[in-house]
Amino acid sequence: VEPPPECVQWCQVNDYGITVDDDLAAVDLDWWNTGLESNRIPVRLWGRTIDGAPTDHGAGFLRRSDLQGSLPDDGPTDLCVLYRAAAWLSGHPRRSHTRRFPDVRNNRAAGDFTEISTALQHCRDRHPGDLDPGPYRSWSGWPRTPGVGPAVLSLYCWAVHAGTTDRPQLLDQHSLGTLCHLGWLEIPSIPTFTRNRYLGYNQLLHDWATHTQIPAELIEMWLSHNWEQRTRDARNHLSDQR
């Protein structure tokens, strides 16, 4: 699979800081913080007002660059990053992730966070290609992460591995669908995406990035935008035929 010329052209006219770092998602902070409190999860989610000031209530916004380090960690750092990632994904207008509250307790009655805390520490300390979670490994090769699937975990890994040459990339259903449309021979089903399949996805994005001298994040965003455009064109075509 080669990067299409239209992908390269789109990426070259989009600035990383504006297109990736400032990519905004609207977040209902009250809904998230009510869920965190009622489930006794020791995190309070913060976002930004329309003016960019930090806030922990009402309607807020998260920039992609806010996921790690630029907002208050009101709770254990790894859990804060994880819930910001989940909130950003579910609130983003162009991502396929639905709003669902992730309950990360492995023992709900006791409020036990051992599994998720161990998994997040593994993912922070090591690139997904070097994970060795031992007894905490699931059938898929990922560490066991109660309440959290590969999409949210991939964004968490992206957030905590800034500056690495093979930075883990966001696993998005629309982007994956476009890759398969272009000829990548994988099954576009994120819930069944094993760690090895994710590593292949990540490697492909970085191969394209090396080949084109374009950041992998911009390439992934083009894949997602392309899916939107094709589905929009298909709807318009069907509408015209009626």
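You'll find the structure just up there.
Residues numbered from 1 in each chain as written. Predicted model: local features only at pLDDT ≥ 70, side-chain atom pairs only at ≥ 80, totals over all residues. Heavy atoms only, no water.

Draft legend 1. Molecular detail of the pairing of strand S4 (residues 59–63). The two faces of S4 differ: Gly60 and Leu62 on one face are buried, but Ala59, Phe61 and Arg63 on the other face are not. Sheet topology note: the strand S1 (residues 24–28)/S4 ladder contains five bridges and is antiparallel. Bridging across to S4, alanine 25 finds its partner in leucine 62. (Buried < 20%, exposed > 50% of the residue type's maximum accessible area, 1.4 Å probe, protein only. Helix = DSSP H or I, 4+ residues; strand = E, 2+ residues; numbered from the N terminus. Pairing = 2+ DSSP bridges.)

Draft legend 2. Main features of helix H1 (residues 5–12). Restricting attention to buried positions, one finds in H1 the residues Cys7, Val8 and Cys11. Along H1, the residues classed as buried sweep out an arc of 95° about the axis, all on the same side. Exposed side of H1, more than 90 degrees from the buried face: Pro5 and Gln9 are the residues found there. (Arc of directions from axis to C-beta.)

Draft legend 3. Broad picture of unusual backbone geometry. With a phi angle near 55°, arginine 40 is a residue other than glycine that sits in the positive phi range. Inspection of the secondary structure puts arginine 40 in the loop between helix H3 (29–38) and strand S2 (47–48). Of the residues examined, arginine 40 reaches a relative accessible area of 53% and is grouped as exposed. Positive phi, normally seen in glycine, also occurs at glutamine 213, with a value near 60°. Mapping glutamine 213 onto the fold places it in the loop between helix H8 (195–212) and helix H9 (216–241).

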